[in-house]
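Architecture and fold: a report
Residue strings, one per chain:
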Amino acid sequence: MTYLARFGPIFIVVLGQVICGCPNGWETYNSSCYFVSDDRKNWTAASDACSSFHAHLAEVEDAQEDNFLRQMLIQLHTDHRDFWLGGNDIFVEGDWRWYESGQYLDYTNWNPGEPNNHHSSGEDCLEGYLTYSHSTFRWRDRPCMIRIFYICEIKENSSIIQFTNYRDNEDRGNVFGTEGNEAVRGCPNGWESFEGSCYFVPNMSEDWSAALSTCKLYHAHLAEIEDAYENNFLKQLVNKYHDAHSHGRMFWLGGSDSFVEGDWRWLENDERFGYTNWNPDEPDDNHEENCIAAVLSSSHLYWRDLKCNDRNNFICEIGYVCIR
């Protein structure tokens, strides 16, 4: 797939292939990638500009990250001083939160006297500014509608899309290109790909806890099914496994109601099931059946609850990984 997006004065052709690490022109720190804009926007427009690349305005978690941003701005030799960060108190005055995560600002680096909501003027958005001496990078609240530069952040090795850029009036280099970054994201050998995840059925039987531990050896987790399309994909996957090994009809998934009976959740993200495909009359909690398995029939992959110490095959799942 190819998309056309606009980022400040830059038109960018966005290709469907994803890459590992950070795009060229982005700086790496502690598993995140950062980009400093060369155009000014109000806070909302800046947030939207970052979102168009699956990124968000930078959220500073500790003094080390704050110092990294100061050093990054110094190394860029920029004359710009003011940059939007990802915090605001738009909804409740004084209740400062990071917009992307919704978390309170556990670490802060406010300039003395800030935030002050100056003259009750509605200074509800977070600005980081670099002092002229470059000695500090401080924070202050500013009106959200002023137009300043901004810093985008995205997690390294997340779904960073490949960029090829065309500028309006001049060619200033391949700022977002991927030259020199030959790693792509996908599935390891032997794993099957579906909708950004990779799946693998080890040729062994384990109880539910041991199956979970085995998946973790691959930096994976027991599969968690979000919709009927994924369930149908897994039906085809375990059908191939069954045909190849002539055994295996039950496969552990990553759900359990061990903590609260009847409150079925996926273990990896602690979310209640949004989609289910229980076999009729399941779950029935027969003899403390607190773990979920997918059961392969001739034409379906149904779910049922089983005792967690039963031994079954299992399905591991992991997000796309770096492949070089």
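Here we summarise the structure given alongside this text. (Residues numbered from 1 in each chain as written. Predicted model: local features only at pLDDT ≥ 70, side-chain atom pairs only at ≥ 80, totals over all residues. Heavy atoms only, no water.)

**What about the overall build of the chain?**
Looking only at helices and strands, the chain has four helices and 23 strands in total. For the chain, buried positions account for 48% of its 324 residues. Long-range contacts, defined here as pairs at least 24 residues apart, represent 72% of the contacts in the chain between residues at least 6 apart. Accessible area for the chain stands at about 16,700 Å²; split by element, carbon and sulfur atoms hold 46% of it. (Helix = DSSP H or I, 4+ residues; strand = E, 2+ residues; numbered from the N terminus. Buried < 20%, exposed > 50% of the residue type's maximum accessible area, 1.4 Å probe, protein only. Contact = heavy atoms within 4.5 Å. Areas by Shrake-Rupley, 256 points an atom, 1.4 Å probe, with all protein chains shown as cover.)

**Observations regarding the sheet that holds strand E14 (residues 197-200)**
On the basis of which strands lie adjacent, the open sheet formed by four strands has the order E13-E14-E22-E15 and antiparallel pairing. If you trace the sheet from one side to the other, it starts and ends with strand E13 (192-194) and strand E15 (221-222), each paired once. Two strands pair when backbone bridges link them, and E14 and strand E22 (residues 316-319) are joined in this way by four bridges, in the antiparallel orientation. Across the sheet, residue Ser197 finds its bridge partner in E22, namely Gly319. Relative to E13, helix H4 (residues 228-245) is tilted by about 165°, and along the sheet it contacts E13, E14 and E22. (Pairing = 2+ DSSP bridges. Axes fitted to C-alpha atoms, helices over the stretch in contact; angles between N-to-C directions.)

**Thoughts on the pattern of salt bridges**
Under the definition given, this model contains ten salt bridges. The salt bridge involving Asp82 is made with Arg140; its shortest N-O contact spans 3.3 Å. In this pair, Asp82 sits in strand E6 (residues 82-88) while Arg140 sits in strand E9 (residues 137-142), placing the two residues 58 residues apart along the sequence. For Arg140, a relative accessible area of 21% translates into the label partly exposed. Among the ionic pairs, Glu282 bridges to Arg304, the shortest N-O distance being 3.8 Å. Within this pair, whereas Glu282 is found in the loop between strand E18 (271-272) and strand E19 (291-296), its partner Arg304 is found in strand E20 (residues 301-306), the two being separated by 22 residues in sequence. (Salt bridge = Lys/Arg side-chain N within 4 Å of Asp/Glu carboxyl O.)

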